[in-house]
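Residues per chain are reported as follows:
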2 protein chains.
Amino acid sequence: MSDLSAVLAHTDTTLNVSLERLFELLRIPSISTDPAFAAECRRAGQWLVDALTELGFTAELRDTPGHPMVVAHHPGATADAPHVLFYGHYDVQPVDPVEQWQTAPFEPSLREYSPGRKVITGRGSADDKGQLMTFVEACRAYKTVSGSLPCRVTILFEGEEESGSPSLKPFLEANAAELRADCALVCDTNMWDADTPAISAGLRGLVGEQITITAADRDLHSGYFGGAAANPIHILARILAGLHDADGRVTLDGFYDGVEETPAEILAMWDTLGRTAEGFLGEVGLSIPSGEKGRSVLEQTWARPTAEVNGIIGGYTGEGFKTVIAAQASAKVSFRLVGKQDPSAIRAAFRAYVESLVPADCSVSFHAHGGSPAIQLPYDSPLLGTAREALSDEWPQPAVMIGMGGSIPIVGDFQTLLGMESLLVGFGLADDRIHSPNEKYELQSFHKGMRSWIRILAALAERKDD
Amino acid sequence: MSDLSAVLAHTDTTLNVSLERLFELLRIPSISTDPAFAAECRRAGQWLVDALTELGFTAELRDTPGHPMVVAHHPGATADAPHVLFYGHYDVQPVDPVEQWQTAPFEPSLREYSPGRKVITGRGSADDKGQLMTFVEACRAYKTVSGSLPCRVTILFEGEEESGSPSLKPFLEANAAELRADCALVCDTNMWDADTPAISAGLRGLVGEQITITAADRDLHSGYFGGAAANPIHILARILAGLHDADGRVTLDGFYDGVEETPAEILAMWDTLGRTAEGFLGEVGLSIPSGEKGRSVLEQTWARPTAEVNGIIGGYTGEGFKTVIAAQASAKVSFRLVGKQDPSAIRAAFRAYVESLVPADCSVSFHAHGGSPAIQLPYDSPLLGTAREALSDEWPQPAVMIGMGGSIPIVGDFQTLLGMESLLVGFGLADDRIHSPNEKYELQSFHKGMRSWIRILAALAERKDD
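Residues numbered from 1 in each chain as written. Chains lettered and ligands numbered in written order. Predicted model: local features only at pLDDT ≥ 70, side-chain atom pairs only at ≥ 80, totals over all residues. Heavy atoms only, no water.

Looking at an unreviewed UniProt entry, one finds chain A named Acetylornithine deacetylase/succinyl-diaminopimelate desuccinylase-like protein, with Hoeflea marina as its source organism.

Caption draft 1: Main features of the overall build of chain A. The helix and strand inventory of chain A stands at 15 helices and 18 strands. For chain A, whose C-alpha radius of gyration is 25 Å, the value lies close to the compact-globule estimate of 23 Å for 466 residues. Taken over 466 residues, chain A has a buried fraction of 60%. Expressed as a percentage of contacts within chain A between residues at least 6 apart in sequence, the contacts between residues at least 24 apart total 78%. Accessible area for chain A stands at about 17,600 Å²; split by element, carbon and sulfur atoms hold 50% of it. Taking the average location of the 37 positive side-chain charges in chain A and that of its 62 negative ones, the two points are 1 Å from each other. (Helix = DSSP H or I, 4+ residues; strand = E, 2+ residues; numbered from the N terminus. Rg over C-alpha atoms; globule rule 2.2 N^0.38 Å. Buried < 20%, exposed > 50% of the residue type's maximum accessible area, 1.4 Å probe, protein only. Contact = heavy atoms within 4.5 Å. Areas by Shrake-Rupley, 256 points an atom, 1.4 Å probe, with all protein chains shown as cover. Lys, Arg positive; Asp, Glu negative; His and termini not counted. Charge placed at Lys NZ, Arg CZ, Asp CG, Glu CD.)

Caption draft 2: Just the interface of chain A and chain B, in detail. If you look at the interface, chain A gives 74 residues, while chain B gives 74 residues. The contact between chain A and chain B buries some 5,600 Å² in all, and 59% of this surface belongs to carbon and sulfur atoms. Between the two partners, chain A and chain B, sit zero salt bridges. Our count for the chain A to chain B interface comes out at 44 residue pairs in polar contact (both at pLDDT 80 or more). It is strand β11 (residues 306-315) of chain A that contributes the most residues to the side of chain A that touches chain B, 10 residues altogether. Here the residues of the side of chain A that touches chain B sort into 31 nonpolar, 29 polar and 14 charged. Bridge analysis of β11 of chain A against strand β11 (residues 306-315) of chain B gives five bridges, and the strand direction is antiparallel. (Buried area = accessible area lost by both parts, 1.4 Å probe. Salt bridge = Lys/Arg side-chain N within 4 Å of Asp/Glu carboxyl O. Polar contact = N/O pair within 3.5 Å; in protein donor to acceptor, adjacent residues only side chain to side chain. Nonpolar A, V, L, I, M, F, W, Y, C, P; charged D, E, K, R; others polar. Pairing = 2+ DSSP bridges.)

Caption draft 3: The relation of the copies chain A and chain B, seen in detail. Screw-axis analysis of chain A against chain B gives a translation of 0.1 Å along the axis, an RMSD of 0.1 Å, and a rotation angle of 180 degrees. Interpreted geometrically, this transformation is the action of a two-fold axis. Comparing interface residues between copies, 100% of those in chain A also sit at the interface in chain B, which points to an isologous, same-surface contact. (Least-squares fit on C-alpha atoms with pLDDT ≥ 70 in both.)

Caption draft 4: Expanded view of the side chain of Glu292 of chain A. Along the chain, Glu292 of chain A turns up in the loop between α10 (277-282) and α11 (297-302). Only 2.8 Å separates the side chain of Glu292 of chain A from the side chain of Arg304 of chain A, close enough to count as a polar contact. Among residues more than four places away in sequence, those in contact with Glu292 of chain A are Asp247, Gly248, Arg249, Tyr256, Gln300, Arg304 and Pro305 of chain A together with Gly227 of chain B.

Caption draft 5: The arrangement of empty space enclosed by the protein in detail. Throughout the structure, instances matching the rule amount to one cavity of 30 Å³ or more. Taken as a whole, the largest cavity encloses approximately 30 Å³ of empty space. Every residue lining the largest cavity is listed: Leu240, Ala241 and His244 of chain A together with His234 and Arg238 of chain B. Residue assignment for the lining of the largest cavity shows that the elements contributing at least two residues are α8 (232-241) of chain A together with α8 (232-241) of chain B. Residues belonging to the lining of the largest cavity are distributed by class as follows: two nonpolar, two polar and one charged. (1 Å grid on protein atoms, 1.4 Å probe; cavity = no way out; pocket = protein on both sides within 12 Å on 5 of 7 lines; lining within 4 Å. Points joined across faces, edges and corners; volume = space filled by probe spheres on them.)

Caption draft 6: Structural view of the side chain of Asp432 of chain B. Residue and element names in this part refer to chain B. Tracing the chain through its elements places Asp432 in the loop between β17 (421-425) and β18 (440-442). At 2.7 Å, the side chain of Asp432 and the side chain of Lys440 are in polar contact. In this structure Asp432 touches Ala126, Asn438, Glu439, Lys440 and Tyr441, once residues within four positions along its chain are discounted.

Caption draft 7: Up close: the pattern of salt bridges. Counting across every chain of the model gives 56 salt bridges over all chains. With its nearest N and O atoms 3.8 Å apart, the salt bridge here joins Glu260 of chain A to Lys340 of chain A. Linking Glu260 of chain A in the loop between α8 and α9 (264-271) with Lys340 of chain A in the loop between β13 (328-337) and α12 (343-357), this pair joins segments that are 80 residues apart in sequence. Taken individually, Glu260 of chain A and Lys340 of chain A each receive the classification exposed, so the pair is uniform in this respect. A salt bridge links Glu439 of chain B to Arg123 of chain B; the nearest nitrogen and oxygen atoms lie 2.7 Å apart. A residue pair is termed long-range when its members are at least 10 positions apart, and Glu439 of chain B in the loop between β17 and β18 and Arg123 of chain B in the loop between β5 (117-121) and α4 (129-146) qualify at 316 residues. For the residue pair Glu439 of chain B and Arg123 of chain B, the accessibility class agrees, reading buried in each case. Overlapping salt bridges bring together Arg249, Glu261, Glu292, Arg295, Glu299 and Arg304 of chain A as one network.

Caption draft 8: Representation of helix α13 (residues 382-394) of chain A in the model. Taking 1.5 Å as the rise per residue, α13 of chain A with 13 residues should run 18 Å; its terminal C-alpha atoms sit 19 Å apart, in good agreement. One side-chain oxygen at the N-terminal end of α13 of chain A lies 3.2 Å from the backbone nitrogen of Leu383 of chain A; it belongs to Ser381 of chain A. (Expected span 1.5 Å × (residues − 1).)

Caption draft 9: Region of interest: the domain arrangement of chain A. Once the domains are mapped, chain A shows domain 1 (3-202 + 375-465) and domain 2 (205-259 + 305-372). The straight-line distance from the C-alpha centre of domain 1 of chain A to that of domain 2 of chain A is 40 Å. (Domains from an automatic or database assignment.)

Caption draft 10: Geometry of the UniProt feature "domain: Peptidase M20 dimerisation" (unreviewed entry) in chain A. Under the UniProt annotation, the feature "domain: Peptidase M20 dimerisation" (unreviewed entry) is placed at residues 202-360 of chain A. The span residues 202-360 of chain A is 31% helical and 23% strand by assignment, and the distance between its end C-alpha atoms comes to 42 Å. (UniProt positions renumbered as here; feature names shortened; annotations may be inferred.)

Caption draft 11: Broad picture of the packing of aromatic side chains. Tallying each qualifying case throughout the model produces 30 aromatic pairs over all chains. Measuring from ring centre to ring centre gives 5.5 Å for Phe135 of chain A and Trp453 of chain A, while their planes differ by 80 degrees; the resulting arrangement is edge-to-face. Linking Phe135 of chain A in helix α4 (residues 129-146) with Trp453 of chain A in helix α15 (residues 443-465), this pair joins segments that are 318 residues apart in sequence. The interplanar angle of 20 degrees and the centroid separation of 4.7 Å between the aromatic rings of Phe225 of chain A and Phe280 of chain B together place this pair among those described as stacked. Separated into two different chains, Phe225 of chain A in helix α7 (residues 222-225) and Phe280 of chain B in helix α10 (residues 277-282) make up a pair that spans both. With respect to class, Phe225 of chain A is no different from Phe280 of chain B; both count as buried. (Phe/Tyr/Trp six-rings, centres within 6.5 Å; stacked < 30°, edge-to-face > 60°.)

Caption draft 12: Quick look at unusual backbone geometry. Residue and element names in this part refer to chain A. Of note, the amide linkage connecting Asp96 to Pro97 takes the cis form, showing an omega dihedral of -5 degrees. Structurally, the position occupied by Pro97 is in the loop between β3 (83-89) and β4 (109-114). In this model, Arg433 sits at a positive phi of 55 degrees, which is unusual for a non-glycine residue. The topology assignment puts Arg433 in the loop between β17 (421-425) and β18 (440-442).

Caption draft 13: Structural detail: the packing of helix α2 (residues 15-26) of chain B against helix α3 (residues 38-54) of chain B. Residue and element names in this part refer to chain B. Relative to each other, α2 and α3 sit at 155 degrees, their axes nearing to 10 Å. By the angle between their axes, α2 is roughly antiparallel relative to α3. Contacts between α2 and α3 involve Arg21, Glu24 and Leu25 from the first element and Ala44, Trp47, Leu48, Ala51 and Glu54 from the second. For the contact of α2 with α3, a count of residues per class yields five nonpolar, no polar and three charged. (Axes fitted to C-alpha atoms, helices over the stretch in contact; angles between N-to-C directions. Parallel < 35°, antiparallel > 145°, perpendicular 65-115°, else oblique.)

Caption draft 14: Just the sheet that holds β5 of chain B, in detail. Residues and elements named next belong to chain B. Spatial ordering of the open sheet is given by β4-β5-β18, a layout of three strands whose pairing is antiparallel. Strand pairing shows two members of the sheet lacking a second neighbour, β4 (109-114) and β18, which therefore form its edges. If you compare each strand with its neighbour and ignore which way they point, the axes differ by 40 degrees on average. In this sheet, β18 lies alongside β5 in antiparallel orientation, the contact comprising three bridges. What sits directly across from Ile120, in β18, is Tyr441. Contacting β4 and β5, α2 crosses the sheet at an angle of about 35 degrees to β5.

Caption draft 15: Spatial organisation of the sheet that holds β4 of chain A. Residue and element names in this part refer to chain A. Pairing is antiparallel across the open sheet formed by three strands, whose spatial order is β4-β5-β18. Strands at the two margins of the open sheet, each flanked by one partner only, are β4 and β18. Averaged over all adjacent pairs, the angle separating strand axes in this sheet is 40 degrees, with direction ignored. Inspection of the sheet shows β4 paired to strand β5 (residues 117-121) by five bridges, in the antiparallel sense. Counted as the bridge partner of Glu112 is Lys118 from β5. Running over the sheet, helix α2 (residues 15-26) touches β4 and β5 and is turned about 35 degrees from β5.

Caption draft 16: Molecular detail of the pairing of strand β16 (residues 400-404) of chain A. Residue and element names in this part refer to chain A. For β16, the tally of buried residues reaches four of five residues, placing the bulk of the element in the interior. Note that strand β8 (residues 198-203) and β16 share five bridges and pair parallel. Across the sheet, residue Gly202 finds its bridge partner in β16, namely Gly403.

Structure follows, in C-alpha cells:
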C-alpha cells in the first residue's frame, strides 16, 4: 500500500472520529454578526488553535479589531516542499428564524436523507466549518500515517467572513511576509453536482456606481411644469436604457477592452454540464436568456461582463398617485467584470457616458461602491491541472473547471496583496441551505473532501519534485 | 349715472363693509381635512346661507356624507335673464406650520405691503373665501342699487374642495336639474399678473397609470444570475425611455389624435405675456425647455399633451449597495391631455406599447389612476368674448385668455354631468401663498374682483338681450 493509499484509507477507518471532532466545532455558536456571541467566536478560534497544535502546527489566535484570526504553520516533510496557504472561516451565520429548524442549529447530528445518503446537520456544517475541517482532518490523516505533511502548510482561519471580513485585508497587509505561500487553497465553494467536483477558475470582478440626477431645485407640479421642465426620471431612464444594445451588449466605450473569449474546449466542457437556459432560468420563473445573444447561460454568467441596475428610485412611490415631477432620481448600477477589464476604466467610461446624457441645466452626482478586477486563472495553469487530476481520481465524475458569476474578495486580496494564485475547491452542494434554516453538509462531501485534499497535497508535493 | 356705474360706485363707497363681512367669514376655521373642525365647516356654510338669504336668495345647507353644500337661488330681474351657476368653496387648508404665520391665520387683517398696496391676511383669504365673496358682494351691490340681479343666479358652495371633493360629483348627479344653468362661473383661479385679468380657456386632462414589471419570481443575486436573467428595471427603463422621441414628442400610437393646433392669434397673445423659458424655468433652477421642440413654454404647458413619469422604484434603494436583480420594478406615469384626446384611447395605447416591450417570460400589471379629458372652451366662444370685454373694461390691462396645465375636476363635472361650459375667472396672484403660511389676498383683487363680476353679470344680461 502506497503512502497515499494508506493516508486515504485512514480517513475511511477513522471517519467517526473526524465527524465527532467536526461536531465539537459545530456545537460552538460562533455567530460573528451578533456581539453577544463574541466569546463563542473566540472559543471556536481557540478550538482550532488547539486542534492544529495537536497536529504539530505552530498555531495561535491573533487579535484583530474584531474577532481573532487563527494562524498556524507546519513546516512539511521536506525543506523544499511547496508552501500552501489554506483559508477558511470559523464564524457562522445567525440562525433566525430558529423555529424553522428541524434540528437544533448548534446540536449537530448525522441524519439519513434517503437510503445511503447521510447528511451532517447544523449551522456551519457547510459554511464553512464542515469545509475547513475536510482540510484539517486531511492533515490529521497525513500526520498520523506518515508523521508529517507532504507540503509546507500555513493556515489562516478568520472569524468575520459572515460580517464582511473587515479585519482581513489589514491583517493580510500587516502579515504579508508570514502568510505568503506558493498558492492559496480556499475551501468555501460548491461541487458542480454530488458526483462532480469543481474548480472555480474565474471569478467576475465588480464595479458599483450610484448616480443621482438632479433637475429642478424642488419637486414640481406636473400640471404646471409638465411639458417644459426636465424630468430626472426620464433622463435616468434614457441613461439606463442605453446601457445595452439590441444584442444585449454593453454600450460603454471600451467596455470590452481586456475581455478574452473563453477557449473553445472550456466552452465545450461547459456544454456537457447540461445547464440549459430553460433549466437554469426555470428555477426562478424565467425562461429566456436576456443577456448577450449567441452565448450560453453558463458563458453569460461565468465568462462575460455585465451591466445591471440593482436599484432605482425617484418621485412619488407611495400608495395612490401624485402628479409630481421629481427634483431627483437615482440608481445603483453594477458591472461584473471578466478577464483583464480595468475597474477604474469602466467606472470612468460609465461616468462619461452618463454625463453625456445629462442636459446642461441638470446635474449628476456619482458615488463609487467598490471596484475589483476579475480573477482568472489560466485554464492551462499547472495548479489547476494538478488539482483537476487529483479530484478526478477521487470522485465518480472528472473535475470540471467552472466560472463564478460573483466575486470572492479574499481571492483578489491574495492576488493583490500576497501575489498568490488561489485554488478554489469546495464540496458544498447547491441545496446545502447555507445562510438558511436546516443547513446541512453531505457526509460524502466531508469524507471525500478530506480524501480530495490528501490527493491534492500529495499531487502538489509530487509536482514540486518533478 | 347708468345703473352699472351706480352699482360699481356702490362697491367703492361700501368697501369697508364688504371687507368686514369677508373678515367674519375668514374668522371661521373651516378646515375640511381635520374632523375636529367639522362644526366650523358647517358654521361657515351657515354663515353663507344667512348672507345669501339677506340678499334675497332662497338659500339652504344641504347635507352630504361629508361637509354640507350651500345651494342658493335668485330669480334675477327678468324672467328671460340668463341663468348662471356660481361655484366656490368655503373650506380652507390646514394652517401648519402655524408658527410660521406672521399674523394669526384666523384673525384676518388688512396690512400695507408697500406704499399703496394693501393685502388681506389669513387662511382662506385667497383660497377661496376672498374669491367667492367677490361674487357675493357683487350681488349685494346689485341688489342694493337696483333691487335685483341682472341674471338668474344659482350658487353652489362646497366645503370639501381641499379634501378632494368626495361629495361633489354625487351631489351634482342627484341635483342636476336644479343646478343646471346656461353656464358656470368658477372663481378659484389667478390673474396673469396684478394688472392683467385672465380667463382660463383650456384645462389639460389627465390619465394616470401605474405599471409593475415582474421578471423572476424572487430577487436574484446579480453575481449568480447577472447576464442571463431578465432585469425588470432594464425593461422598465426601456419602456420609459421610449415614451418620447428625440424631439420630445410622445411616441404612443395615435397619441396626438384629437390634438388641435392653438390658433395663431392665441399663440401671438401668449408671446406678448413675456413668459420666457429662462424666466419660467429659472425660478426652479432650470433653463432649457425639455418638452416638444419648437414650442414656447406656455404652449408646452398650456396647450400640448405630455407624458411624465411621476415615480419609479425597484430593487435595492437603501444605503450602500446590494448586488440584487429585483423581481419587480414599477412606475407611475401620467399623461396630460389637450383638445379632444380620448383618455381611454390613450390608456389603451400606453398599455399596448408597454406590453410590446415586456419579454415573453416576464409580465406586467397595470393599475389605472384616474382619467379625465381636457376641457377646451372655443377661443371664439361668446361667453369668453363677453367676459373678456367686461374684464378689460375694469383692469389696467386687457384680459388674456390662458391655458392651465392642470385639471380642475369640477369643470369637467359641470361639462359632463350638467352640460355647461365654465367661465374660469379669478383674482388671485401667484404669490398669494395659498396652502402655505401667510396666505394673503390683494385688497385690489377683492375690490376690482367685485367690480369685475358686476360687469360680467351686466354683460351676460345684455348679451341675452341682443
